[in-house]
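Fold and contact review
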Amino acid sequence: MAGEIIGDLKMDGIGTAAGGVYKNVALNGVCKVATDIEAQLIDADGRIRVEGHLTANDLDLDGTLDVSGGIRAGTAAIDGVITVKGAYSGQRVRLNGMLTVGEDCEVDVIEGEGAFKIGGLLNAGRIDLKLQGRGAAKEIGGESIRIGKGRTGAWQSIWQRMLPSFAQELIVDLIEGDVIELDHATVKVVRGDRVAIGEGCVIDRVEYRTELRKHPSARIGEEAKTNG
Amino acid sequence: MERELISKKDLLELMGISYGQLYRWKRKQLIPEEWFIRKSTFTGQETFFPKDMILARIDRIMNMKEDLSLDELADKLSPFQTDLSLSKRELIERNIVSEVSINRHSSPAQLNGEEAYSFAQLLFLYATDQLLSDGEISLEESGLLMETLRDHFPRYEGKPCEVLFMRKMGVSMFALAAAPSALHFDAGVKIVARLQMAEIAEQLRSKLN
């Protein structure tokens, strides 16, 4: 979007705003943005809905954010629940909550804890996630991929018994990367250079180049060492 | 057009790169999305690439990444951005475009060698020539295609687009459409040829280098 910067947008309470290009955007309350929105900083607290594309250098969310298009954000700090219909691309994501992306999610670094659901490929240079709920993606690719179970509190186990989607597990078709460390993961194929398969994993096939470490409780269908 | 494919695993082994590098380059848009071709094999889903194009591309990335940042590289590798230009003599010597096409679609200054062809002009010529030499279009129609490309291709500003050539009841027409697009016509329309311009540009580049 090549519009000129028109100023700030500040909204408190319940309301609807037009989209457009802004410098700083502060949304507090139950807010809806009717079209595409672009800003240097978007600070969203509350229950926010964007009917269109969201572009920001910095995105700071506390609460829920629904975006009907895609997101392009330099850095994002997500405390709460973020749902994107389209694709997510950006540099850094710090997640504390739940991330749902309909298509691909491409970032340099994603770290934090919570749950995620990616409809397509999660492609990141570094993935460092502790699961508090379910992590699901069609594919994951990147340089360093570490996904494991987060800490378990008393409430966690009660929730898990009632709702299976609170189970702290990772479900992916294919994971490819240089350094891969997983636990409590159910994956069809894992391919990597140095692979560590931890506790509670069920993997159909592992292909590794340098080393494979596995926890005694991990179930691995086939394993193959590839050369190169 | 059946082209040779290479699986991701073979590619990594052949070029000595890692999964991480490949994903990073994809993320930085150094390798276009369309090259990732998914096929199911007995070990599940596997990704394949058009062999000649991906090998050339990775070669370029590896050679240039010493001096350039990945973002600078992405600009360099965009299929339509290049400052290459060629004279008529070189074109014929290197057998890039047939002489028939050159003679038909060049300006007088280009024909007598005073003026070089820009990359865009080469691209149009190359695309037209390909259809012409495949026997899909006639010489007359090739003029129409050149005109269509000249008039409308710049409007895509480097975004992927494709050329369609259709016939209905003996009447022929060309169309440019943003790619990927789903187009549907009535039953009487026959799509004779469909060209992805990004792919054509890629082929042309590999011929020029």
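Residues numbered from 1 in each chain as written. Chains lettered and ligands numbered in written order. Predicted model: local features only at pLDDT ≥ 70, side-chain atom pairs only at ≥ 80, totals over all residues. Heavy atoms only, no water.

A look at the environment of Ile200 of chain B
Counted only if it meets this: Comment: elements are numbered from the N terminus, with helices defined as DSSP H or I runs of at least four residues and strands as E runs of at least two. Buried, partly exposed and exposed residues are distinguished by accessible area as a fraction of the type maximum, computed with a 1.4 Å probe on protein chains only: under 20%, between the cut-offs, and over 50%, respectively.
You can see Ile200 of chain B is positioned in helix H10 (residues 197-208). Owing to a relative accessible area of 2%, Ile200 of chain B belongs among the buried residues under this scheme.

Here's the deal with the environment of Arg94 of chain A
Residues and elements named next belong to chain A. Applied cut-off: Contact between two residues is taken to exist if any of their heavy atoms lie within 4.5 Å; hydrogens are not considered.
Within the secondary structure layout, Arg94 lies in strand E6 (residues 88-101). Residue Arg94 is classed as partly exposed on the basis of its relative accessible area of 36%. Along the primary structure Arg94 and Asp183 are separated by 89 residues, whereas in three dimensions their C-alpha atoms are 21 Å apart. In contact with Arg94, other than residues within four places in its own chain, are Ala76, Ala77, Ile78, Asp79 and Glu111.

A look at the nonpolar core
Note the cut-off: As used here, the term nonpolar core means buried Ala, Val, Leu, Ile, Met, Phe, Trp, Tyr and Cys residues forming a set that is joined through side-chain atoms within 4.5 Å. For the domain bounds, the source is a domain assignment made automatically or taken from a database.
Phe116, Ile140 and Leu182 of chain A are the most contacted members of the largest nonpolar core, which totals 61 residues. Counting residues per element, this core draws most heavily on strand E7 (residues 105-149) of chain A, at 14 residues. Lining this core are residues from two domains, each supplying at least three of them: domain 1 (1-86) and domain 2 (101-228) of chain A. Dropping the residues within four chain positions of it, Leu182 of chain A is found in contact with Ile147, Leu170, Ile175, Val187, Val190, Ala196, Ile197, Gly198 and Cys201 of chain A. By size, the runner-up hydrophobic cluster in this structure holds 34 residues, among which are Leu91, Leu122, Tyr126 and Met146 of chain B.

Regarding the confidence of the model for chain B
This is how it is decided: Across the chain, each position has a pLDDT score giving the predictor's confidence in that residue, from 0 to 100.
Per-residue pLDDT for chain B averages 82, and the proportion of residues at 70 or more is 93%. Looking over chain B, one finds the lowest element-wise mean pLDDT in helix H4 (residues 70-77) of chain B, namely 70, and the highest in helix H2 (residues 19-27) of chain B, namely 90.

A few points about the packing of aromatic side chains
Residues and elements named next belong to chain B. Let me state the cut-off plainly: Note on aromatic pairs: the rings of Phe, Tyr and Trp (six-membered ring only in Trp) are paired at centre separations within 6.5 Å, and the planes decide the class, stacked below 30 degrees, edge-to-face beyond 60, tilted for the rest. A ring has a charge above it when a Lys NZ or an Arg CZ is no more than 6 Å from the ring centre and no more than 35 degrees off the ring normal.
Scanning the model with the defined rule gives three aromatic pairs over all chains in all. Relative to Phe153, the ring of Phe124 lies with its centre 5.5 Å away and its plane at 80 degrees, an arrangement referred to as edge-to-face. Of the two residues, Phe124 is situated in helix H8 (residues 119-133) and Phe153 in the loop between helix H9 (139-152) and strand E4 (161-168); the sequence distance between them amounts to 29 residues. With a relative accessible area of 5%, Phe124 lands in the buried category. Consider the rings of Phe165 and Phe174, whose centres lie 4.6 Å apart with planes at 25 degrees: the pair is stacked. The two residues Phe165 and Phe174 agree in class, both being buried. Above the plane of the ring of Phe36 lies Lys26, whose end atom (NZ or CZ) is 5.2 Å from the centre.

Things to note about unusual backbone geometry
All names here are of chain B. Phi at Gln29 is positive, roughly 60 degrees, even though this residue is not glycine. Within the secondary structure, Gln29 is located in the loop between H2 and strand E2 (37-41). Since its relative accessible area comes to 56%, Gln29 is described here as exposed. One non-glycine residue, Asn95, lies in the positive phi region at around 60 degrees. With respect to the helices and strands, Asn95 occurs in the loop between helix H5 (88-93) and helix H6 (99-105).

What about the domain arrangement of chain B?
Split by domain assignment, chain B resolves into domain 1 (5-77) and domain 2 (88-208). Spacing between the C-alpha centres of domain 1 of chain B and domain 2 of chain B amounts to 27 Å.

Comments concerning the pairing of strand E5 (residues 171-178) of chain B
All names here are of chain B. We apply this condition: Any two strands are treated as partners once DSSP identifies two or more bridges connecting them.
Two strands pair when backbone bridges link them, and E4 and E5 are joined in this way by eight bridges, in the antiparallel orientation. If you follow Lys168 over to E5, its bridge partner there is Val171. Between E4 and E5, which follow one another and run antiparallel, lie two residues, and Met169 among them has a positive phi close to 50 degrees.

Overview of the sheet that holds strand E4 (residues 54-67) of chain A
The pairing of strands in a sheet comes from backbone hydrogen bonds and takes either a parallel or an antiparallel form. All names here are of chain A. Just so we agree on the cut-off: Lines fitted to C-alpha atoms define the axes, with helix axes restricted to the stretch in contact, and inter-axis angles between N-to-C directions lie between 0 and 180 degrees.
A sheet is described by the order of its strands in space; here 11 strands give the open sequence E1-E2-E3-E4-E5-E6-E7-E8-E9-E10-E11, paired in parallel fashion. Of all the strands in the sheet, the pair left with one neighbour each is strand E1 (9-17) and strand E11 (219-225). Strand-to-strand twist in this sheet, taken as the mean axis angle between neighbours without regard to direction, amounts to 15 degrees. For strand E5 (residues 71-84) and E6, the ladder comprises 13 bridges, and the chain directions are parallel.

A few points about the sheet that holds strand E6 (residues 190-196) of chain B
Residue and element names in this part refer to chain B. The three strands lie next to each other as E5-E4-E6, forming an open sheet whose pairing is antiparallel. The open sheet has two edge strands with one neighbour each: E5 and E6. Averaged over all pairs of adjacent strands, the angle between strand axes in this sheet comes to 20 degrees, irrespective of strand direction. Across six bridges, E4 lies against E6 in antiparallel orientation. Among the inter-strand pairings, Val163 is bridged to a residue of E6, identified as Leu195. Across the sheet, H9 lies against E4 and E5, angled at about 25 degrees from E5, the strand it touches most. Taken strand by strand, H10 contacts E4 and E6, and its axis lies near 55 degrees from that of E6.

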